[in-house]
Structure formats: structure tokens, C-alpha cells
Amino acid sequence: MLVTSRSAAEYHAMFDLAPEELAGARVLDCCAGGSSFTAETPTFVVAADPAYAAGRSVLAAAAHQGRVDGDRMIEDNADRFEWTWYGTRSRRTAMRVGAVERFVADLGARPSRYVAAALPDLPFADDSFDLVLCSHLLFTWANQFDQRWHRRAVLEMARVARREVRVFPLVLQGTGEPVPFLPALCEELEAAGHRTEQRKVPYRFQRGANHMLIVAGSSARV
Ligand SMILES: C[S@@+](CC[C@H](N)C(=O)[O-])C[C@H]1O[C@@H](n2cnc3c(N)ncnc32)[C@H](O)[C@@H]1O
């Protein structure tokens, strides 16, 4: 799995984040990788990823390599992507190069914001955050992680999220096919008292990846 580096602009579009939703919020970016969302966001954000157990120079190299390998994968599978949101390839590349640089600089300046942690077990107390964001781990890698793992991972994020959890995208990496167990998983989450919603987002890149999953956090349990 690549350590990719999406920017705050990409996060805002993938999670359809309005400025008022972030104002004053405590946010967890769970599976943050080399994203610059933490570095770029003025509100309190913690980034969590098992890759953070490695040192800064190893992580910087992994993030740079992740960008190069990601670009190559997109060129090799050009028919699976659309460019309406980015506009041009060079605009996307510039975003990702800038994101890696900001991530590496912030990791050095504020190491306590980057916590080594792996789903489905997070080292945070209940309700530690208002909002938990999860980009390109759940569902993306559903060929490696089964429905049971996803259920544990979502419930764990909901445990630490007071308001809600947002997950993007809802399709498999590579093919962009729907994840067969998503409807059953949502039923399980609803049965556990967590309202779910699949909402269309403004971000466009991987074909078929147009929706995020919103799961109610602990304060909104029914
Ligand atoms: C494709 S990257 C996404 C990074 C970032 N969210 C983004 O959108 O650019 C997936 C990340 O998930 C991390 N990861 C792998 N297994 C994980 C787990 N069990 N819990 C949390 N993160 C995990 C990897 O280390 C990697 O950095």
C-alpha cells in the first residue's frame, strides 16, 4: 500500500467539508499517510497512521516514492480516471508535490500531531474528536480487509468521534467496482445505533468514486 499525500484542497472536496464544519473542531485524520491536511488546517488536527512508527527520513522517502509510484499507476490505467476536478495533470502533480513538502515540514515541526496507530485499535479516549476522516483505506482495500474488519474499524472511529466519521471512497482500488459488503455493513452499523448516509461529493478522479459514507459518532447514537 502506498503512502500517498493528498492535500487539504483534495480532502475538502473528497469529504465535502464546509468551513463552518471545521471551525473550532477537533479532527482526526485516520490513515493520514503523507497527507498535508494536518499541516494545512488551522483547526486542531491529529494524523494517525501505522507508517509513523518509522523515522521522519524514512517517511519522507516513502511519501516521495508514493507520489512517483501513484503517478505511474495513473498513467498506466488512464481510462480509470477523469480530470474534471483537477483540470490538468500538472495541477494534480503540483498539489501532490506541495503536499509531500508540507507534510515532511510539519512532521518535523509538530511531531506530536503524528501518532503511530493502526485500525481497528486507536490509542485515543472516547469522544476525543468531533470529526474523523478516513481517505483511501477502508473500502479501497476491501480485497485485503473483510467486512468484519471494516465493522471493527468504523465502530472504533465512531467511538472516538463525537459528531461523525466520514469515509471516502466507497469503491475498490484499481477496478473502481462497488464493495459487495457495503450495504450489509451499513445495516450492521445502523443496528449498532449509528445512523449512516452515503452522500455525493464534489471530488472527481477515480471513475465511480463519487460518494462518501457518513457514520454518526457517539453523541448522535440512536
Ligand atoms: C493510500 S494511503 C492514504 C493516505 C492519505 N489518507 C491520503 O489520502 O493521501 C493509505 C494509508 O493507510 C495506512 N494504513 C495501512 N493500514 C492501516 C491501518 N490498519 N490503520 C490505519 N492506517 C493504515 C498506510 O500506511 C497508508 O499511509
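Now for a description of the structure that goes with this document. (Residues numbered from 1 in each chain as written. Predicted model: local features only at pLDDT ≥ 70, side-chain atom pairs only at ≥ 80, totals over all residues. Heavy atoms only, no water.)

1. Examining the packing of helix α6 (residues 147-160) against helix α7 (residues 182-191)
Link 1 in the chain: One can describe the packing of α6 onto α7 by two numbers: an axis separation of 10 Å at closest approach and a directional angle of 40 degrees. On the basis of the axis angle, α6 is oblique to α7. The chirality of how α6 crosses α7 is right-handed. Along its contact with α6, which presents Q147, H150, R151, V154 and L155, the element α7 presents A184, L185, E188 and L189.
Link 2 in the chain: Taken together, the residues of the contact of α6 with α7 sort by class into 5 nonpolar, 2 polar and 2 charged. (Axes fitted to C-alpha atoms, helices over the stretch in contact; angles between N-to-C directions. Helix = DSSP H or I, 4+ residues; strand = E, 2+ residues; numbered from the N terminus. Parallel < 35°, antiparallel > 145°, perpendicular 65-115°, else oblique. Left-handed = near helix turned anticlockwise from the far one by under 90°. Contact = heavy atoms within 4.5 Å. Nonpolar A, V, L, I, M, F, W, Y, C, P; charged D, E, K, R; others polar.)

2. Describing unusual backbone geometry
Link 1 in the chain: In the segment running from L119 into P120, the intervening peptide bond is cis, with an omega of 15 degrees.
Link 2 in the chain: Among the secondary structure elements, P120 is positioned in the loop between β3 (114-115) and β4 (129-135).
Link 3 in the chain: Of note, the bond from F168 into P169 is cis; its omega dihedral lies within 30 degrees of zero at -5 degrees.
Link 4 in the chain: By the secondary structure assignment, P169 is in the loop between β5 (161-168) and α7.

3. Looking at the sheet that holds β5
Link 1 in the chain: Taking strand neighbours across the sheet as the criterion, the 7 strands line up as β3-β2-β1-β4-β5-β7-β6 in an open arrangement whose pairing is mixed. Each having just a single partner strand, β3 and β6 (196-200) make up the two edges of the open sheet.
Link 2 in the chain: Across 3 bridges, the pairing between strand β1 (residues 26-30) and β4 is parallel. By the bridge assignment for β4, V27 is matched with L131. (Pairing = 2+ DSSP bridges.)

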